[in-house]
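Each chain, written out:
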Amino acid sequence: MVIKPKFRGFICTTAHPAGCAHHVRQQIDYVKGQKPVQGPKNVLVVGASTGYGLASRITATFGSGARTIGVFFERPAANNRTATAGWYNTAAFEKEASEAGYYAKSINGDAFSNEIKQQTIDLIKQDLGQVDLVVYSLASPKRVDPETGEVYSSVIKPVGASYSNKTVDFHSAAVSDITIEPAAEQEIEHTIKVMGGEDWELWMDALKQAGVLAEGAVTVAYSYIGPEITHSIYKEGTIGLAKDHLEASAGRIREQLHDLAGRAFISVNKALVTQSSSAIPVVPLYISLLYKVMKEKNLHEGCIEQMYRLFAERLYADSTPVDDRGRIRIDDWEMREDVQQEVLALWERVDSENIKSISDIEGFRSEFFNLFGFEFPEIPYEAEAEPDVVIPSIPAAE
Ligand code: NAD
């Protein structure tokens, strides 16, 4: 079939296999062009198919020669529907990894469930023995509690008071004002259940109990802080409270790993175009301005540049620099004073008339489509493409 993007707002319901493969190859090529990392050897990535998790997996494999197991929740092609981008990304990643001689296997299912945790442990035991790095990079709108079966949904809302600011429809480049009402108490609790650290702790507990964590094992989960203008919707909103919980989990996991001389970190990453960040109001406009400023200053990074820096200059450097709360900061360039001052000045001016000239809204838009394998000049989109692509390590019947 000829595969075109079909999108509504921040959701694209189609993905292009060759485009996704190209996107993955670009990231692999970036890492191969950097100095090797004296890093992990056996790695589990939870949330491994897109965004920061996929970039972590690529860095571990092609930067450090690691064997990886990736867990994610993606959909294969069926009944004339394409697979999801994460499915195609993983198919391409596994192919490239195996051609380069690296072990890579994947598990597709709900990472919040006990079954998927057990399946992962069994695979580690069978193939790797133990893992020395666990990357926790889930972003999900909902979570089923594995004990009670209760379904929790996360919301992106301010806490305490309503919040008004500018936002953008990145397809039409129309800037408008938006007011978001504050979250109800239950919505806050549910968001913490989904995006907080409870499930990360359950993973680390299960892995440790099963004896599959190596001496000196490292684990890392990702967070975001961002500037004052987004605080009400992010840092001080429902998602920020969930990230506070994630941070507290890092402390508990650190204690738990003490006898293995293990380490647990929160890495505060930069704001980037991913499937998750496109869904947050206000943030796409901020990212468009940020990209403009950071590109002009030659400081621009995507997921792969961020993850390479995390591995090479933080996690596996001689010592791991952290802030006063023990967090790794690879949002350091985003948060530089000169960058933030310029973004803020643009923020005050930006409207539908000037957005195309003073922001990188076009960069945001095209990166959004790149996430689904579209808008790469190298890909012949008018040609027939086979949507049914197999992930080598996942049985075709799944
Ligand atoms: P993403 O949407 O690109 O990736 C999410 C991953 O989670 C995918 O692999 C998906 O398959 C997997 N997943 C979702 N639900 C699952 C489930 N139930 N079971 C198994 N896998 C599941 O997201 P991202 O933007 O890369 O975010 C990853 C982490 O990085 C999040 O914690 C996010 O808050 C954080 N972060 C993101 C940004 C940003 O700007 N995008 C910035 C800083 C931190």
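Check the entry above for the structure.
So, here is what we can say about the structure in this document.

The rules behind each value
- Residues numbered from 1 in each chain as written.
- Predicted model: local features only at pLDDT ≥ 70, side-chain atom pairs only at ≥ 80, totals over all residues.
- Heavy atoms only, no water.
- Core = buried A, V, L, I, M, F, W, Y, C linked by side-chain atoms within 4.5 Å.
- Buried < 20%, exposed > 50% of the residue type's maximum accessible area, 1.4 Å probe, protein only.
- Helix = DSSP H or I, 4+ residues; strand = E, 2+ residues; numbered from the N terminus.
- Contact = heavy atoms within 4.5 Å.
- Near = heavy atom within 4 Å.
- Polar contact = N/O pair within 3.5 Å; in protein donor to acceptor, adjacent residues only side chain to side chain.
- Areas by Shrake-Rupley, 256 points an atom, 1.4 Å probe, with all protein chains shown as cover.
- Salt bridge = Lys/Arg side-chain N within 4 Å of Asp/Glu carboxyl O.
- Disulfide = S-S within 2.5 Å.
- 1 Å grid on protein atoms, 1.4 Å probe; cavity = no way out; pocket = protein on both sides within 12 Å on 5 of 7 lines; lining within 4 Å.
- Points joined across faces, edges and corners; volume = space filled by probe spheres on them.
- Nonpolar A, V, L, I, M, F, W, Y, C, P; charged D, E, K, R; others polar.
- Expected span 1.5 Å × (residues − 1).
- Axes fitted to C-alpha atoms, helices over the stretch in contact; angles between N-to-C directions.
- Parallel < 35°, antiparallel > 145°, perpendicular 65-115°, else oblique.
- Left-handed = near helix turned anticlockwise from the far one by under 90°.
- Pairing = 2+ DSSP bridges.

### Re the nonpolar core
One finds Ile58 and Tyr286 to be the most contacted residues of the largest nonpolar core, which totals 96 residues. At 9 residues, the largest contribution of residues to this core is made by helix α9 (residues 283-296). Contact partners of Tyr286, with chain neighbours within four places excluded, come to Tyr224, Pro227, Ile229, Thr230, Ala271, Glu334, Gln340, Val343 and Trp347. Ranked by size, the runner-up nonpolar core spans 33 residues in total, among them Phe112, Met204, Ala250 and Ile266.

### Examining the site of the ligand
Taken together, the neighbourhood of the ligand is formed by 29 residues, with Ser49, Ala111, Lys243, Thr274 and Ser276 sitting nearest. A distance of 3.3 Å separates a nitrogen atom of the ligand from a polar backbone atom of Gly109. Between Leu272 and the ligand, the recorded distance is 2.8 Å, taken from a backbone N or O atom to an oxygen atom. Out of a free accessible area of 840 Å², the ligand has 92% covered by protein chains.

### With respect to the pattern of salt bridges
Under the definition given, this model contains 26 salt bridges. Among the ionic pairs, Arg329 bridges to Asp331, the shortest N-O distance being 2.8 Å. Across the pair Asp338 and Arg336 runs a salt bridge whose closest N-O atoms are separated by 2.8 Å. Each of the salt bridges in this network shares a partner with another, and the network as a whole consists of Glu247, Asp323, Arg325, Arg327, Arg329 and Asp331.

### So, the state of the cysteines
Going through the model one piece at a time under the given rule, you end up with 0 disulfides. With no disulfide of its own, Cys12 has Cys20 as its nearest cysteine by sulfur position, at a separation of 9.4 Å.

### As for the layout of surface pockets
Of the voids in this model, the second largest pocket is the one considered here, and its volume is about 150 Å³. Lining the second largest pocket are Ser223, Tyr224, Ile225, Lys235, Glu236, Gly240, Lys243, Asp244, Glu247, Val268, Arg325 and Arg327. The leading source of residues in the lining of the second largest pocket is helix α8 (residues 238-256), at 4 residues. Counted by class, the lining of the second largest pocket contains 3 nonpolar, 2 polar and 7 charged residues.

### Section: α9
Since there are 3.6 residues in each turn of an α-helix, residues three or four apart along the chain are aligned in direction. Between its terminal C-alpha atoms α9 stretches 20 Å, which fits the 20 Å expected from 14 residues at 1.5 Å a residue. Summarising burial for α9: 11 of the 14 residues are buried, a large majority. All of the buried residues in α9 are Val283, Pro284, Leu285, Tyr286, Ile287, Ser288, Leu289, Leu290, Tyr291, Val293 and Met294. Immediately beyond the C-terminal end of α9, within one or two residues, lies Asn298, with a positive phi of roughly 60 degrees.

### Quick look at the packing of helix α1 (residues 17-32) against helix α2 (residues 51-64)
At a minimum axis distance of 9 Å, the contact between α1 and α2 shows a crossing angle of 45 degrees. Taken together, α1 and α2 sit at an angle that is classed as oblique. In this structure, α1 meets α2 at a crossing whose hand is right-handed. The segment α1 lies against α2, with Val24, Gln27, Ile28, Val31 and Lys32 engaging Leu54, Ala55, Ile58, Thr59, Phe62 and Gly63. Among the residues forming the contact of α1 with α2, the class breakdown is 7 nonpolar, 3 polar and 1 charged.

### Digging into the environment of Thr13
Within the element layout of this structure, Thr13 appears in the loop between β2 (11-12) and α1. For Thr13, a relative accessible area of 39% gives the class partly exposed. Residues Thr13 and Phe372, spaced 359 residues apart in sequence, show a C-alpha to C-alpha distance of 8.8 Å. Other than its neighbours up to four places away in sequence, Thr13 contacts Lys6, Arg8, Arg75 and Thr82.

### Side note on the pairing of strand β10 (residues 174-180)
In this structure, strand β9 (residues 163-169) lies alongside β10, joined through 7 bridges in antiparallel fashion. The residue bridging Lys166 from the neighbouring strand is Asp177, located in β10. Where β9 folds back onto β10 in an antiparallel hairpin, the turn is made up of 4 residues, including Ala173, whose phi is positive at roughly 65 degrees.

### Some words on the sheet that holds strand β3 (residues 42-46)
The strand order across the open sheet formed by 7 strands is β5-β4-β3-β6-β11-β12-β13, and the pairing between neighbours is parallel. A strand with exactly one partner marks an edge of an open sheet, and here the two such strands are β5 (104-108) and β13 (328-329). Here strand β6 (residues 131-136) pairs with strand β11 (residues 213-223) via 5 bridges, running parallel. Paired with Val134 across the strands is Thr219, a residue of β11. α2 contacts β3, β4 (67-72), β5, β6 and β11 of the sheet and is inclined by roughly 170 degrees relative to β4.

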